[in-house]
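Report on the structure
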Amino acid sequence: MIDVEVVQLLVSPAHRLAGRPSEGPAPGPDDERVGRAEVRARLGLVGDRYFAQAAHRDASVTMMSAENLPTAIDPAADLRQTRRNVLLRGVDVDALIGATVSLDCGEGPVRFSLNRPARPCAWMNVTVGPGAQKALRDKGGVRCTPLDDGVLLVGPARFEVLSEPAPRRRA
């Protein structure tokens, strides 16, 4: 097990990055970051835009490593700009694609299947700043399926790799 920190959680009811990046993000709540998120197995985070959406069942939660935020481009970059759900400090989630992991924030472990990379799009150059899309290549986070019901909390947590990641192939 690894001691990590859940730095931020984002549960957003609105899909704010739709349309053309040149038009800017759609309006929404000022801050969709939360201190607590309810997780439902195979459905996602309660209240999030991808919760129970069939097209996103294998990608309803996105984890990102805080160490990969492009803070050289924007020192204040966080989940509001990247639109990921769980920001972790202390583990490289991008290196674990294909693994099953457990995250325990003190309310009991929640397992996740880390399915595929969350590829950065052109929106990152708008929401974070010019060059962010390139800076996040291969480190934009991982799209996951939650395997258990549970609760995630901002703060210290325990992270465990339950099954090894699949070998990575370069395209």
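Report follows, based on the coordinates. Just so it is clear, the model here is predicted, and its values are computed rather than measured. (Residues numbered from 1 in each chain as written. Predicted model: local features only at pLDDT ≥ 70, side-chain atom pairs only at ≥ 80, totals over all residues. Heavy atoms only, no water.)

**Observations concerning the pairing of strand β11 (residues 155–163)**
Both strand β1 (residues 2–10) and β11 contribute to a ladder of five bridges, which runs antiparallel. Within β11, the position partnered with Asp3 by the bridge is Arg158. Two strands pair when backbone bridges link them, and strand β7 (residues 100–104) and β11 are joined in this way by five bridges, in the antiparallel orientation. Bridging across to β11, Val101 finds its partner in Val161. (Pairing = 2+ DSSP bridges. Helix = DSSP H or I, 4+ residues; strand = E, 2+ residues; numbered from the N terminus.)

**Here's the deal with the sheet that holds strand β10 (residues 150–153)**
Taken together, the three strands give an open sheet; going across it, the order is β4-β3-β10, and neighbouring strands pair in antiparallel fashion. Each of the sheet's edge strands pairs with one partner strand only, and the pair in question is β4 (44–45) and β10. Across four bridges, strand β3 (residues 36–40) lies against β10 in antiparallel orientation. Counted as the bridge partner of Glu38 is Val151 from β10.

**Topic: the environment of Lys139**
As for its position among the elements, Lys139 is in the loop between α3 (132–135) and β9 (142–146). When the C-alpha positions of Lys139 and Pro120 are compared, they lie 8.5 Å apart, and in sequence the two are 19 residues distant. Each residue touching Lys139, except ones within four places of it in the same chain, is listed here: Met64, Asn68 and Asp94. (Contact = heavy atoms within 4.5 Å.)

**Regarding the pattern of salt bridges**
A full pass over the atoms with the stated rule returns seven salt bridges. As a salt-bridge pair, Arg158 and Asp3 come within 2.3 Å of each other at their nearest N and O atoms. In this pair, Arg158 is assigned in strand β11 and Asp3 in strand β1, connecting sequence segments 155 residues apart. For Asp3, a relative accessible area of 55% puts it in the exposed group. (Salt bridge = Lys/Arg side-chain N within 4 Å of Asp/Glu carboxyl O. Buried < 20%, exposed > 50% of the residue type's maximum accessible area, 1.4 Å probe, protein only.)

**Notes on the nonpolar core**
Judged by nonpolar contacts, the single largest core of 27 residues is most densely connected at Val86, Leu88, Leu103, Phe112, Leu152 and Phe159. At the level of secondary structure, the elements contributing two or more residues to this core comprise β1, β3, β5 (61–65), β6 (86–89), β7, β8 (109–117), β9 and β11. If we skip the residues at most four places from it in the chain, Phe159 touches Met1, Ile2, Val4, Leu88, Val91, Val93, Leu96, Val101, Ser102 and Leu103. With 11 residues, the next largest nonpolar core counts Met64, Ala77, Leu79 and Val128 among its residues. (Core = buried A, V, L, I, M, F, W, Y, C linked by side-chain atoms within 4.5 Å.)

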